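Per-entry structural report
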Amino acid sequence: MGKENNIDFTNAITLVHSLFKQKKSNIMNQIFLDGTCGKGNDTKFLSSLGYVYSFDIQINAIKVAKELKLTNVSYIMDCHSKIGNYINENIDGAIFNLGYLPGGDKKITTKKETTLLAIKCVLELLKVRGLLCVIIYPGHENGKEEEIVLLNYLKELNQKEFNIVIINFINRINNSPYPIIIERLKE
Ligand SMILES: C[S@@+](CC[C@H](N)C(=O)[O-])C[C@H]1O[C@@H](n2cnc3c(N)ncnc32)[C@H](O)[C@@H]1O
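Keep in mind that this is a model prediction, so the values were computed, not measured.

Time to look at the environment of Val64. The topology assignment puts Val64 in helix H3 (residues 59-66). Along the primary structure Val64 and Gly38 are separated by 26 residues, whereas in three dimensions their C-alpha atoms are 8.0 Å apart.

Our focus in this paragraph is the environment of Thr110. Mapped onto the elements, Thr110 comes out in the loop between strand S4 (91-97) and helix H5 (112-125). Between the C-alpha atom of Thr110 and that of Gln159, which follows or precedes it by 49 residues, the distance is 27 Å. Excluding residues that lie within four positions of it along the chain, Thr110 makes contacts with Thr36, His80, Leu98, Gly99, Thr115, Asn142 and Glu146. At 2.8 Å, the side chain of Thr110 forms a polar contact with the side chain of Glu146.

Here the focus is the packing of aromatic side chains. Under the definition given, this model contains four aromatic pairs. For the pair Phe20 and Phe32, a centre-to-centre distance of 6.2 Å together with 70° between the ring planes defines the contact as edge-to-face. Taken together, the residues span a long stretch of sequence, with Phe20 in helix H1 (residues 12-23) and Phe32 in strand S1 (residues 31-34) at a distance of twelve residues. Overall, Phe20 belongs to the buried group, its relative accessible area being 4%. A centroid spacing of 5.6 Å and a plane angle of 75° characterise the contact between Tyr51 and Tyr53, whose relative ring orientation is edge-to-face. Judged by its relative accessible area of 14%, Tyr53 is buried. An aromatic cluster of at least three residues, connected via ring pairs, comprises Phe20, Phe32 and Phe45.

Each value, and the rule that gives it
- Residues numbered from 1 in each chain as written.
- Predicted model: local features only at pLDDT ≥ 70, side-chain atom pairs only at ≥ 80, totals over all residues.
- Heavy atoms only, no water.
- Helix = DSSP H or I, 4+ residues; strand = E, 2+ residues; numbered from the N terminus.
- Contact = heavy atoms within 4.5 Å.
- Polar contact = N/O pair within 3.5 Å; in protein donor to acceptor, adjacent residues only side chain to side chain.
- Phe/Tyr/Trp six-rings, centres within 6.5 Å; stacked < 30°, edge-to-face > 60°.
- Buried < 20%, exposed > 50% of the residue type's maximum accessible area, 1.4 Å probe, protein only.

Keep in mind these numbers describe shape, not what the thing actually does.
Here it is in C-alpha cells:
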C-alpha cells in the first residue's frame, strides 16, 4: 500500500496531511482554512480537497504562495484572529502551522494571544466531524508559550463536543514540532 492510503509519520506536517486525506469525504464544495499561509504548502494541500481561505500577515508570504497559481483559494492578508470578519460559513477543516516563515524574519511569528483568539473562532466555525490541526513548535520561545496557552484552553473543552489528541514524537531530539488534532463531535 502506498503512502496515499496510510498515515505518514515522517513529520508533523505529513502526519496532519495524511489525517486529512484519511478523513476525506465525498461531500462536494468542502471549505477549508489555512490560518498561516506561509509559502502555501498547506494551502496547496487543502486546495486538493476543496476551497481554501488562506491567511497571513506578510505580503511576502502571500506573494510566494500566489506563485503556486492555485485557483480555488482566497488569500487574506490579515491576522488570523480576524477570521470572523472574513468568513461567515461553516468549515470542514483547518490547519494552523504555527511559527515563522522559513527563511524569513523570525520576529514575525505567531503569538499566543492572537493564536488563541483564532483557534476559538475556528472552533465556532468547524462543522461536526470537521478537523482542526495545529502544529506546535515547542523549541521556540513563542512556540512554547503558544503550547502552554492552547493546551490550557483545550483541555477544558467538553469531551462530548470535541475529541482532542496530541501526537508527540517523544524519541526525537530538539523539541520536535507536533500536532494537536481536534475533531468536532457535535454542535
Ligand atoms: C510556519 S509558517 C507557515 C507555513 C505554511 N503553512 C506553509 O505551508 O508554507 C507561519 C506563517 O504564519 C504567519 N503568521 C504569523 N502570525 C500570523 C497571524 N497573526 N495571522 C496570520 N498569519 C500569521 C507568518 O507570517 C508565517 O508565514
